[in-house]
Amino acid sequence: MRGMLLLPALFLALPASAQDRDEKSATIVVTGASLADSEARLAACLARKCPPKEDIEASLAHAENQFIAGDYGGARRTLGKSRGRNNRYAKLLPIEVSDLNRAHGRLSNLDGRPDQSRLLQIEALDALKAGLDDNDTRVFMQQLMVGDEFARVGRLRAAEEVYRRVAKRARKAGHLHVVGYAMLREAVMFGAIASVQPDYRSAAKRKITNIERTIEPELAGFRDAAKLLRASLAAYENDSDALEKAIAAIPPRESGRPVLIYAPPVRLEKIVANSEEILPPQQDDPQWVDVRFQIAADGRVQDAEVLRDSGNIERDWPKLALESVSRRRYAPLVAQGTTRIERFSYVHDLMTRTGSRITGRANNGRLTSLDITDDAPRN
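Everything numeric in this text was worked out from a predicted model, so none of it was measured.

Novice: Would you explain the overall build of the protein in this entry?
Specialist: Counting its regular elements, the protein contains 13 helices and nine strands. Of all 379 residues assigned to the protein, the portion counted as buried reaches 55%. Restricting to contacts in the protein with at least 6 residues of sequence separation, those with at least 24 account for 70%. Taken as a whole, the protein presents about 17100 Å² of accessible surface, with 50% of it coming from carbon and sulfur.

Written out as structure tokens, the structure is:
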């Protein structure tokens, strides 16, 4: 579906109070070490045949540094090698091995390999199942991440099926917060599509209504999130008053990661090429920019600027990303505000030319983003 290429990242931030309760499994270990230090640490670990848990931790830390430096392929290879060494320990270390597969999947997606990314998220799920009960909430949450992968590439029915199946099983197991996440993800998915394809707005409203009609106390936070989704949807329909009223009703946050409420879609159709041809193999290096911006106490964005870039930018897409970031709205803050840094990557997916075996990069790219502020979890 062409419209899915125009969407912002769907699940980097869930609305309002539901986000605070999200069960996150870190997939990258933030160490603050330099690239040379993390490389040396990993090499020393492997030289002394360190235990699998230490190997995974060192590999994740080095892969993060490679990613921040712009070496997407190198980061992906670092994690691929670690998976080769450590996947067999899934039963003993289900969480650690799952984290490794999940991170490898995320980096594969950023390196233009969405199909591999989806398979790796499934492997992350298999790792959890190897050592945890099938009704463990971490298993359910990883199943939702598999659904997210279907959503990212426009396979809406497959994503819906995953979300609904998880909701049904989680309800039976008594994990109502997982039910909330499953319903919310479905609503977020349709809301994101509706932001660029108005025909989906009625479907998005139905998904939001399904959450609003729940009565369980455990789902109260998700009902609040649904109200914000509805306000965001109204903003896409040029009803800014509904968005302002919803934001005004949110108590200012004293601390914690900023909560994104509204993000205008990045309209890549303004820059996509007419041709569906593939790019030559030499145009394989990733394009990225790091955007630094201030979030004021009222949740508005100020002073968005490109901090650094990959040096091979094409088609002026960073301007579109900056415009979108500048119009975002976050939950109000008690403090004076905060500074964030977000990595935007313009990804050309690997593909094979029709009727041949020639592999290259898709001519038209897609945009992904990841918060790389020092205090941001890499999930």
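Novice: When you look at the pairing of strand β6 (residues 337–347) in this model, what are you seeing that I'm missing?
Specialist: A regular strand places its side chains so that they alternate between the two faces of the sheet. As paired strands, strand β3 (residues 287–296) and β6 are joined by 10 bridges and run antiparallel to one another. Within β6, the position partnered with R292 by the bridge is I341. Strand direction decides the pairing type here: β6 and strand β9 (residues 366–371), joined by six bridges, are antiparallel. Looking at the pairing, E342 lines up with D371 of β9.

Novice: Got a minute to help me understand the state of the cysteines in this structure?
Specialist: Working definition of a disulfide: a covalent bond connecting the sulfur atoms of two cysteines. This model, assessed by the stated rule, comprises one disulfide. Between the sulfur atoms of C45 and its disulfide mate C50 the distance is 1.7 Å. With the S-S bond torsion at 80°, the cross-link from C45 to C50 turns out right-handed. Its relative accessible area of 5% is what places C45 among the buried residues. Since its relative accessible area comes to 11%, C50 is described here as buried.

Novice: Honestly, a positive patch on the surface in this entry has me stumped. Any pointers?
Specialist: A grouping of K129, K168, R169 and K172 is seen on the molecular surface, where their side chains present a positively charged patch. With three residues, helix α8 (residues 156–173) is the largest single contributor of residues to the positive patch. Inspection of the secondary structure puts K129 in helix α6 (residues 114–131).

Novice: Before we go on, may I ask you to explain unusual backbone geometry in this structure?
Specialist: Among all residues except glycine, the phi angle is most often negative; among peptide bonds, the trans geometry is most common. One non-glycine residue, D303, lies in positive phi territory at about 55°. In this structure, D303 sits in strand β4 (residues 301–309). Of note in the backbone geometry, R315 takes a positive phi value of approximately 65° without being a glycine. Residue classification places R315 among the partly exposed positions, given a relative accessible area of 25%.

Novice: What am I meant to see in the confidence of the model for the protein here?
Specialist: Any residue range with low pLDDT should be treated as having predicted coordinates unsuitable for detailed reading. Of all residues in the protein, 85% attain a pLDDT of 70 or more, and the chain-wide mean is 85. At the low end of the mean pLDDT range in the protein sits helix α1 (residues 16–20), at 41; at the high end sits helix α2 (residues 35–47), at 97. Counting contacts from residues 1–31, a segment whose pLDDT is below 50, to residues more than four positions away or on other chains yields 111 contacts.

Novice: Teacher, can you tell me more about the packing of helix α4 (residues 72–86) against helix α5 (residues 94–110) here?
Specialist: The geometry of a pair of packed helices is captured by two quantities: the angle between their axes and the separation between those axes. As a packed pair, α4 and α5 sit with axes 9 Å apart at the nearest point and diverge in direction by 150°. Accordingly, the angle class assigned to the pair α4 and α5 is roughly antiparallel. Considering only the axes of α4 and α5, their crossing is left-handed. Mapping the contact onto sequence places Y72, A75, R76, L79, G80, S82, R83 and N86 in α4 and V97, L100, N101, A103, H104, L107, S108 and L110 in α5. Grouping the constituent residues of the contact of α4 with α5 by class yields eight nonpolar, six polar and two charged.

What counts, and where the lines are drawn
The numbering scheme is per chain: residues are counted from 1 as the chain's sequence reads. Only residues with pLDDT of 70 or above have their local features reported here, since the model is predicted, and side-chain atom pairs are shown and tallied only from 80 upward, although totals for entire chains, interfaces and linings are computed over all residues. For the side-chain quantities, the full set of heavy atoms in the structure was used; hydrogens and water were omitted. For the purposes of this entry, the term helix denotes a DSSP run of H or I that reaches at least four residues, the term strand denotes a run of E that reaches at least two, and both are numbered from the N terminus. Buried means the residue's accessible area, taken with a 1.4 Å probe over protein chains only, is under 20% of the maximum for its type, while exposed means over 50%, and partly exposed covers the values in between. We call two residues in contact whenever any of their non-hydrogen atoms come within 4.5 Å of each other. Only the protein chains shown count as covering a residue, and every accessible area follows the Shrake-Rupley method with a 1.4 Å probe. Strand pairing is assigned whenever DSSP detects at least two bridges linking the two strands. By definition, disulfides here are pairs of cysteine sulfur atoms that lie within 2.5 Å. Patches here: salt-bridge-free residues with over 30% relative accessible area, like charges joined within 9 Å, nonpolar side chains (Val, Leu, Ile, Met, Phe, Trp, Tyr) joined within 5 Å. What makes a salt bridge here is a side-chain nitrogen of Lys or Arg within 4 Å of a carboxyl oxygen of Asp or Glu, nothing more. Lys and Arg are tallied as positive, Asp and Glu as negative. Neither His nor the chain termini are counted. A charged residue contributes its charge at one atom only: NZ of Lys, CZ of Arg, CG of Asp or CD of Glu. Confidence scores here are pLDDT values: one per residue, from the predictor, ranging 0 to 100. Only the stretch in contact is used when fitting a helix axis, every axis being a line fitted to C-alpha atoms; angles between N-to-C directions are given from 0 to 180 degrees. Should an angle fall under 35 degrees it is taken as roughly parallel, and over 145 as roughly antiparallel, whereas 65 to 115 is taken as roughly perpendicular and any remaining angle as oblique. Crossings are classed by handedness, with left-handed meaning an anticlockwise turn of the near helix from the far one by less than a right angle and right-handed meaning a clockwise turn. As a working rule, the residues Ala, Val, Leu, Ile, Met, Phe, Trp, Tyr, Cys and Pro are called nonpolar, Asp, Glu, Lys and Arg charged, and the rest polar, with Gly in that last group.

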